[in-house]
Every structure is written in structure tokens, then in C-alpha cells.
Amino acid sequence: MEVKTKSLLDNMIGVGDMVLLEPLSEDSFIENLRKRFDHNEIYTYIGSVVISMNPYKSMLIYSPEKVEEYRNRNFYELSPHIYALADEAYRSLRDQDKDQCILITGESGAGKTEASKLVMSYVAAVCGKGQEVNKVKEQLLQSNPVLEAFGNAKTVRNDNSSRFGKYMDIEFDFKGDPLGGVISNYLLEKSRVVKQPRGERNFHIFYQLLSGASDDTLKKLKLDRDFSKYNYLSLDSAVVNGLDDATSFRTVRNAMQIVGFMEDEVQSVLELVAAVLKLGNIEFKPESRCNGTDESRVKDKNDLKEMCELLGIEQSVLERAFSYRTVEAKLEKVSTTLNVAQAYYARDALAKNLYSRLFSWIVTRINESIKAQAKTRHKVMGVLDIYGFEIFDDNSFEQFIINYCNEKLQQIFIELTLREEQEEYIREDIEWTNIEYFNNAIICDLIENHQNGILAMLDEECLRPGTVTDETFLDKLNTICAQHQHFESRLSKNSKFLTDHSLPHSCFRIQHYAGKVLYRVEGFVDKNNDLLYRDLSQAMYKANHSLIKHLFPEGNPAKVNLKRPPTAGFQFKASVGTLMRNLQTKNPNYIRCIKPNDKKAPHIFTESLVCHQVRYLGLMENVRVRRAGYAFRQAYEPCLERYKMLCKRTWPHWRGPAREGVEMLMADLQVPAEEFSYGRSKIFIRNPRTLFFLEERRRQCLQDLATLIQKIYRGWKCRTHFLLLKKSQIVVAAWYRRYAQEKKYQKIKRATTVVQSYTRGWQARKLLRELKHQKRCKEAVTTIAAYWHGTQVRREYRKFFRANAGKKIYNFTIQRIMQKYFLGLKSTLPSMSPIDKNWPVRPYIFLDGVHTELRRIFHLWRCKKYRSRFTEEKKAVYEEKLEASELFKDKKALYPSSVSQPFKGDYLEISKNPKYQKLNSSVDEKVLLADVVNKINRANGKGATRILLLTKKNVVLADQKTGQVKASVALPDLTSVSVSTQNDGFFALRLKEGSASAVKGDFLLSSEHLIETITKLHHIGSAASDGEQLNVDIADEFLVQFKQDKVCVKFIQGAPKNGNGASCKRKNNRLLEVSVPASA
Ligand SMILES: Nc1ncnc2c1ncn2[C@@H]1O[C@H](COP(=O)(O)OP(=O)(O)OP(=O)(O)O)[C@@H](O)[C@H]1O
Ligand SMILES: [Mg+2]
């Protein structure tokens, strides 16, 4: 187990736990509080009770880091904090399955509400997380702003004073995750709705609504932003420093949404708030009746009308309810008129009831939302934030009720604290000594006793027939309670107070545990009765507004109940009783809030004020009770861990059980036996001085230990440093020596190499000289021997050599040359193109024949290769081209330009073109050539376009537009074709005389594809079976037969014209001149 040695005793300012205060007196108690407060230590313990001083400034001690710091730590481990209490309560709830309650008490403005919020936020931060859990947490936390808006108000003591008591049960599952909660509210101070003391305000929501709602909302609610327009809003302190009502309104609306209010519910709530404001503005005037009495009438009906519209109430019904009152007694109904005062009373009673019922409805509605869903057993943590003890100059019924509640709380505090203390002693097996303390049960009895308690008497008085006034009530008190030692009254028979002028006649005084309080009886009876005329509740019930109807169920005429409703005092007593019973079943945790000054200012510590609170909160008694037995207790393990250095036997480790270690320690320190007791798990120390003695010894010991540790540490540090230096020095020296030796060695090595190289060079040169000499000698000997052998051989073979050597050398040489020639030729062969004229140069004259022959063979071979690549069609085309060349080459100037043009034949695409379909079908043969030609008019030489078709048997001329055949000449009728030598496309088809086609004479035509046309004509002729060839005449002048005339066609060279075409002109009967533009 990890034993933590931290403690609240560390760095303490004053003492963190008042139980340790030495000497214990009221002065030292307050001085300790002051000292801690001055050092911003606002929390101090009395054992497990937390005293909280209101700092009136924001403190940096509520950060998430602080939450982490206090999380899962023991209560006394860290300096006092509200988080320590919250953590302790939460952990006991979670781990030990004990229901908890956190009782926060203190007077108004002491910080109870803030403390309750801190506890809730701490628990929210440390408990489980998850979407569902977070939603529950958020709803629980957000219920605060809603309740504060409707239930808090600015008072002279506190700008955000809770005007209701609140007890909230937060429910957790077995893991410690929140499941939901239940809020109980106690006695809202509803008189505030209609009247506020000087310097105070009405409930926050009124101001928030008027400041923060949008213009639109205000218009809907028939409200005006100006506070001064409303009688119920006091003006002198409508604006509070540090409170931004507009922003708060948005916060509240947002919180209502989170808590689960529907939009229409929020609207209804605001309508009711507006209605209360409107109600306050309704005023009455007296109207005299014939019987002399005054009857009240509503003065200005506008506000009444608006209020009725808001709540859906019939105006006349409400108006009547303000003027008449119906009293039902058994079967009789009596209607009496209300005077103006009664009407105002009725109005205010309605406003108070409306508001307080609305508030209770809001609490119920929040409860519906935050109700735990799971039905499983759950653990509960209750947080009680109830109004503190109130002593004003003028104390009324509310203060009486509030102070009664505080009496009850004090009682439970005494009971539970003592009980807990007692239980611990029994648990730890320590002897229990009885402790004297003031028990306020007697005061509680004075107030709540069923027979003669003040509340019982008040109820009795209220229910009594006959005239009942506050005075009759006081009389009754005087007679019955006069003997009670805590009751004081001027009129009581107890003569002690007859001359006490501080006690007015209309008042009584109670000696509460927290001091004497003077109560003015005025209003007690009324407030206790809390009467709302039935006519009003019935008017409300009739409203066409679901919420209002719901709030006034007694107005239902079907359920008329003649029994009086329970009085306010009775109800409160009952609910306080329930609360007390509830608290008694839980483990209590106390936060006692103290207000340091009356100015709501930081840093001010008003001693008298604090002293008063310390007294009435019974804090001194609390300390005494705590110290009556043993002032301090601590479990053995942390105790041993903290003080083990005080004894050599336990330091540094104690191996045995912790209790024996502690016993050893106490024996060794010679602490007197009466100063402590050994419990089962804890040691109990009787006097704080013993603890301080231990602490002092520990402090000294820690100092010695610190010196020792410091000494050893310093020695260790210096030694380590020295050793490090020494080690470094050795390393540095080693490196340096190595470096110096290396340098020296390098120098010697370099010198040796130089000497060595010189010696080796000299030796090598010497050897080289010798070898060279030997080589020369060898060569000389070989040469001499060769010459000598040569001479010998030549001398011997001369006679054979001369006869055969020449032929052999010749053949060999020729062979070499041929070989070289063929190899050379192979690499220089020309390209495979048949028209390539290149051929390598012949190298030797004697190879002339071979060279030429090889060229011829190569040419034939490549021609053969070239031909073998030809298809039949390509061959035909080339044959035609060849024929054209034979016919026209060097004879007609037009020829060269035709060489590059392919012979296409069908230029008109006659078979495909639908335009010529008719013409094509009329020809009935394969068309070899189809082209557009120009037919020269025989009479005037002008041209007309025609289609020329050439088949194997005919030449056909047809009209270009219509496709009609104009002339068809059978090829055998054609004798020759004449063309010029020039660059023109004219040609004459000369016909056989007497043939059928020759009736009109020869044709003179001009074509773009002259060369192709004539070649094709010639080719057909030569291919025909009769073998009669068509003559092609090429001359610049020739005769043609036009009908009977022979006309000479003459081609002359003309100047270049626009366009390049030749022009034709009939000069006379005998001459037709064709002018061919000179070619460029
Ligand atoms: N822990 C705190 N830190 C800072 N300011 C605080 C703290 N506790 C209280 N205050 C200040 O004191 C004011 C009053 O505190 P709070 O409303 O909690 O008093 P109360 O005891 O609930 O009074 P009442 O009985 O009138 O409701 C707070 O509005 C806040 O300004
Ligand atoms: Mg409060």
C-alpha cells in the first residue's frame, strides 16, 4: 500500500484544523480565522467540519487542476478545501455504500449557495463520464440558474440571496455515476413579490425578463421595458452592480431548455411572470353604496384587461372577484362587498399565490426532467442549501419560520456530530467520556410542541371562530409561554421584562441558540392563514390557460372543499420534519459558512460579526466536543510514515506491523502514556501540544536529515566531479601522446621512403643499363648471324629459285587483288533503284570488262526485283504511262506536266454519282474514261462543256447538265486524232468519211486530261482485235472536216492571258485559230 506522507500540517498558516488550536479560546479561534483569511485561506477544519469564509472575490482554487489534486486523497492529506469534503463524501458514497448529506449552513450572504454549487461541480467533475451521464450532470447543474432566477433576489445582505430553502438529492448508481435527482423547496418568501424592503429587489426574473427579452417577446407579453412602469418593482435598487440581467435572462432561457422545458412551457411561465407585474398595476377606487359602505372598483381597466388577455381570463369574472367575496357556509352562500383595502389585499394575495405556485410548479417540472430513469437501487447524496439564521431590525413570520428551521438543523448537527464521535470511539475501542454541550431541543420544543408550541398556538388562533387578530395571538403566547426560559415578552406575566424598553408591546422575543430575535406579531395570522379568496381561485381556474388552471385546482367548482387548507406554519413544520428524518438516515458532512463583513467586500474581516457567527454556529462547542476526547487521530500507517525518522529503530524502515512501529516510536520519544491511546486502526492523541511536539521533533529531524542528505550529496557531487576530471585528463593525455607519436612516425616514414626510392632508382637504372647493353649485343649477334645464314642460303639456292618464283608470286598477287576488289565492291554497291546511275569506280584497268559486266548483271537483277513487286493494275497503269511517253515524249509541250499525274480514268465517278445514273445505264459498257471536255463549236469556235465517255467500242459525248447523249462515235469510225505540239489540251477526232458519225464533221475538243484521253484512245485501238491502230498526228496545223468544209486548225503562240487556257477563234471559212499562251 502506498502511504502518503503529505499532510494538512505541512506549510500551515495558523492551524488548518481548529482542533489543534492551542490555547483554545474564542480570541485565538477568531485570530486563527483572521490569519488564514488574510492569507487567502478561506477554508478551515474542525475535525471533519469545514468552515468556509466568504472571500467576496473570485479565487483561483477551483480550477480543474485543483479538482485533480483533491481527487482520491485523504481528508487530512492536503490543506483544507471544500473539495476535500466533497471528495470524502463522494468516495464514502461510492465505495462504502453510505448515503450522504451535505449540510450547508450560515447566515444570509455567507456563501451557502456558492458552496453547494462547488460541491455539485466537484462531484460532476470526478464522477463517471459518458453521453448519458453527462446529460444528467448538465441537467442537474443547469437547474441552479433556473431556480436562482425565480427564487433569488437582491437583499441588503446578499445580491443573490436565496429566498427559498433547497434540498437536492442527487442519485448515483453502484459505479458512482449520477442517475438523476430530486429537489425539494421550502417556503418561498412570497411577500417579496408585492413589497420589498428598502434597498432590496423583487425576484431576479422580473428584471431579467424586462432587460433581456426581445422587443417581440415583450410585445407579446404586453410589457414595457421600463421598470418604473410596474408597482411591484422597487426602483431604488433595480440595477445591481455586477449583475447583468439581460445576459442572465439568456442564461436562464438556455438552462430551461437544457433542463427540458418545452418552448410552450417557457412561454406560459413568462406569461405568468408578466401577469404578476400587470396585477401589481391594477388599482382600486372606492364607490359609495346606498347603505353608506364603500365598495371597491377597478380604477383603470387597461392593465386588468391586458392581464386577462394574457391569461385567457374573462375580465368581468376577475373584476367581480376584486369587488365581492362569496363566503360559503354549509349550504349557504353569502356575497359581501370588498372595500378598497380588502381589494388590494386580495390583489396582493393573488400575486403572491400566483408566483409561489408558479415557483413550486417549476421545481416539480425540473424534478420530472431530472428524475432518475433506472429503477435499480441507488445511493443518494443530499445537498441542503437553506436560508441562514436571520436577525433583522424588523422580523416577521418568515424570519420566525426560517429561524425555526435553523434551530432544527442545529439540533441535528449536535446530535449527529456527537453520535459520530461516539461511534468512532466505540469502533476504535477507546473509552468514551461524556461531553457537556448546549442542547437546543428546548427551543425547538418551544416552537413546535404540538400542544403549547408557538406554531400550534398560531394555528389554533387562526382556526378559532370569532375575531382573530395578531394581538389576540400575542396574548395567547403571553399566557402560555410566559414561563418558558427562552421566551420573552413585555406583556407576559414574567415581570422581568416589564421595564425592558427594547422589547415593544407588539413583539415577542425568542432566545435562539444563535442569539435573541425580536419578532413583530403583525401579519403572523394572515401569513399563516395564507388566504386566497375562493372567488379569485375560481376565477383563475376558469382561465383559458392550461398552466394557470393547473396551479389553482381548488378553484374547480366541482371540488368545492369547505375545509380550510393547512396553514403555512403547519405545512412548513411538516416538511421540516420530513427533511430531518431524511437527513438522519444519511451520513452528514458539514459546511459552516461565515460572512467576514457586512459590506460584501473582499479583504475586510469584521471581528465582531465573525465572533457573533462563531458563537451562534456553536463552533467553539464543536471544537470542544471534538477535543473533549482526543484532539487528533491518525491511522497507524500514515502516522508511522510521518514520524518514523524520530526513532532509530523505525528509521528508515520498520518491518513489523504499523501499530507496533508507532508503539515503539512513542516509547522511544517518552510521550506520557495519558497523552495518547491506541485504537484498533488509529492512534488517538489527547492534546494538540503532543502533536505539535511530534511535529516540532519531525521538523528538527527533517532539518538534520536535510543537512545530512545535503552533505552526502555535496560530497558525492564533488567526488564524482573529481573522478570525471581525472578520467578526462587520462583520456586527453592518451590522445595527445598518440598524436605526437603518430606525427613522429610519419616523419621518419617519409624520410625512409625518400632514401629508399633514391637507392631503388639508382639500382634500377644500373640494371636497365646492363639489360640494354645485353639486348644490343644480342641483336647485333642475331643480325650478323642472319646475314651470315642468308648469304649461305642464297649462295646454295640461287640456282633453283630463279626458275619458279616469278609465276607463283604473280598468281598470289592477282588472287589478293581480286579478293580485295570483290570485298570492296560488296561494301560500295549502289541502291536498289533501277534508275540509280551510280556505280563504283573501277580500281584497275585490267578489271574493265568484269566491272562493266558486273554493273549490267546488277542492274538486270535489281530491275527484276523491282518488277516482281508490281501488281497487275499497277502494271497496266505503267504500260499506259509508257504508251503516253512513246506517243508524246519530246513531241508535245504538254507531256512533261502529265508525267506526275496519275491516270485516273473516271473523273466523274460515274457509277457512284446518282446524277449520272441515267447516263451510265444508257452507255451499257464499262466506262474506261469519264471526263468533262470542252466541245468547240464548229461554226464560231466557242466552247461548250460536255461529258466525254470512253468505252472499249465508243466515244460518247453527253450533255453535262442533263446527261443526255449528244453524240456517240464507234471507235472503228475514228481515223486519227490530231493535237498540237504546244502546251494546250485541244484535240480533233477525225472521223472516217462517209461513216454514220461523220455527218456533222470532225470533233474539235479540249480536255484537261488530254495526254491520258489520247493515250487511252490509242491503247484501245491497239488492243482491238482488228488491230487497226489509231493515228496520232502531232502538228501545229492540221485540217479538219466540218460538214462539207475542210478547215485548217492553226495553233499560234499568244501572249500570256488571264487564266492559262488557250482560246479558239474561227477566223474564216477555212481557218480556225487557236491561240496558246506562251508557257512561262
Ligand atoms: N467561495 C466563494 N468564492 C467567491 N465568492 C463567493 C464565494 N462564496 C460566496 N461568494 C460571494 O458571496 C455572495 C453570496 O453568496 P451566496 O449567495 O452563496 O450566499 P448564501 O449563503 O447562499 O446567502 P443566502 O442565504 O442569502 O442565500 C456570492 O454571490 C458571491 O459573490
Ligand atoms: Mg443562497
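Going by the structure above, here's the rest.
Right, let's walk through the structure included here. (Residues numbered from 1 in each chain as written. Chains lettered and ligands numbered in written order. Predicted model: local features only at pLDDT ≥ 70, side-chain atom pairs only at ≥ 80, totals over all residues. Heavy atoms only, no water.)

1. Quick notes on the site of ligand 1
Now for step 1: Taken together, 17 residues surround ligand 1, and among them Ser108, Lys112, Thr113, Ser161 and Ser162 come closest.
Now for step 2: At a separation of 2.9 Å, an oxygen atom of ligand 1 approaches a polar backbone atom of Gly111.
Now for step 3: Here ligand 1 has 620 Å² of accessible area as a free molecule, and 85% of this is covered by the chains.
Now for step 4: Among the elements of the structure, helix H4 (112–126) and strand S5 (161–162) are those that each provide at least two residues to the shell around ligand 1.
Now for step 5: The biggest single contributor to the shell around ligand 1 is H4, with three residues.
Now for step 6: Residues belonging to the shell around ligand 1 are distributed by class as follows: four nonpolar, nine polar and four charged. (Near = heavy atom within 4 Å. Polar contact = N/O pair within 3.5 Å; in protein donor to acceptor, adjacent residues only side chain to side chain. Areas by Shrake-Rupley, 256 points an atom, 1.4 Å probe, with all protein chains shown as cover. Helix = DSSP H or I, 4+ residues; strand = E, 2+ residues; numbered from the N terminus. Nonpolar A, V, L, I, M, F, W, Y, C, P; charged D, E, K, R; others polar.)

2. Re the coordination of the magnesium ion (ligand 2)
Now for step 1: Protein ligation of the magnesium ion (ligand 2) involves Thr113 (OG1) and Ser162 (OG), the donor distances falling in the range 1.9 to 2.1 Å. Placement of the pair is Thr113 in helix H4 and Ser162 in strand S5, with a sequence separation of 49 residues. With respect to class, Thr113 is no different from Ser162; both count as buried. (Donors = N, O, S within 2.8 Å, 3.2 Å for Na, K, Ca; no water. Buried < 20%, exposed > 50% of the residue type's maximum accessible area, 1.4 Å probe, protein only.)

3. A closer look at the packing of helix H10 (residues 263–281) against helix H11 (residues 301–311)
Between two packed helices, the angle of one axis relative to the other and the distance separating the axes together describe the packing.
Now for step 1: Orientation of H10 relative to H11, taken along the N-to-C sense of each, is 160°, at an axis distance of 9 Å. Comparing the axis directions of H10 and H11 gives the class roughly antiparallel. Between H10 and H11 the crossing geometry is left-handed. Side by side, H10 and H11 meet where Glu271, Leu272, Ala274, Ala275, Lys278, Leu279 and Asn281 of the first sit next to Asp303, Glu306, Met307, Leu310 and Leu311 of the second.
Now for step 2: For the contact of H10 with H11, the per-class residue count stands at seven nonpolar, one polar and four charged. (Axes fitted to C-alpha atoms, helices over the stretch in contact; angles between N-to-C directions. Parallel < 35°, antiparallel > 145°, perpendicular 65-115°, else oblique. Left-handed = near helix turned anticlockwise from the far one by under 90°. Contact = heavy atoms within 4.5 Å.)

4. Notes on the sheet that holds strand S18 (residues 676–678)
Now for step 1: Spatial ordering of the open sheet is given by S17-S19-S18, a layout of three strands whose pairing is antiparallel. Either end of the sheet is taken by a strand with one partner, and the two such strands are strand S17 (632–635) and S18. On average, adjacent strands in this sheet sit at an angle of 15° to one another, irrespective of strand direction.
Now for step 2: Inspection of the sheet shows S17 paired to strand S19 (residues 682–685) by four bridges, in the antiparallel sense. The partner of Arg633 across the bridge, within S19, is Phe684.
Now for step 3: Contacting S18 and S19, helix H25 (residues 658–669) runs over the sheet at an angle of about 155° to S18. (Pairing = 2+ DSSP bridges.)

5. Section: the pairing of strand S29 (residues 1045–1054)
Now for step 1: Pairing analysis gives six bridges linking strand S28 (residues 1037–1042) to S29, with the strands arranged antiparallel. For Phe1038, the partnering residue across the bridge sits in S29 and is Val1049.
Now for step 2: The loop that links S28 with its antiparallel partner S29 comprises two residues; one of these, Lys1043, has a positive phi angle of about 50°.
Now for step 3: Direction of pairing for S29 relative to strand S31 (residues 1071–1077): parallel, over a ladder of seven bridges. Within the sheet, the bridge partner assigned to Lys1050 lies in S31 and is Glu1073.

6. Structural notes on the pattern of salt bridges
Now for step 1: Tallying each qualifying case throughout the model produces 65 salt bridges.
Now for step 2: We note a salt bridge from Lys595 to Asp598, for which the minimum N-O separation is 3.6 Å.
Now for step 3: Looking at Lys595, the relative accessible area reads 1%, which means it is buried.
Now for step 4: Several salt bridges converge on common partners, so that one network encompasses Arg163, Glu189, Arg192, Glu200 and Glu390. (Salt bridge = Lys/Arg side-chain N within 4 Å of Asp/Glu carboxyl O.)

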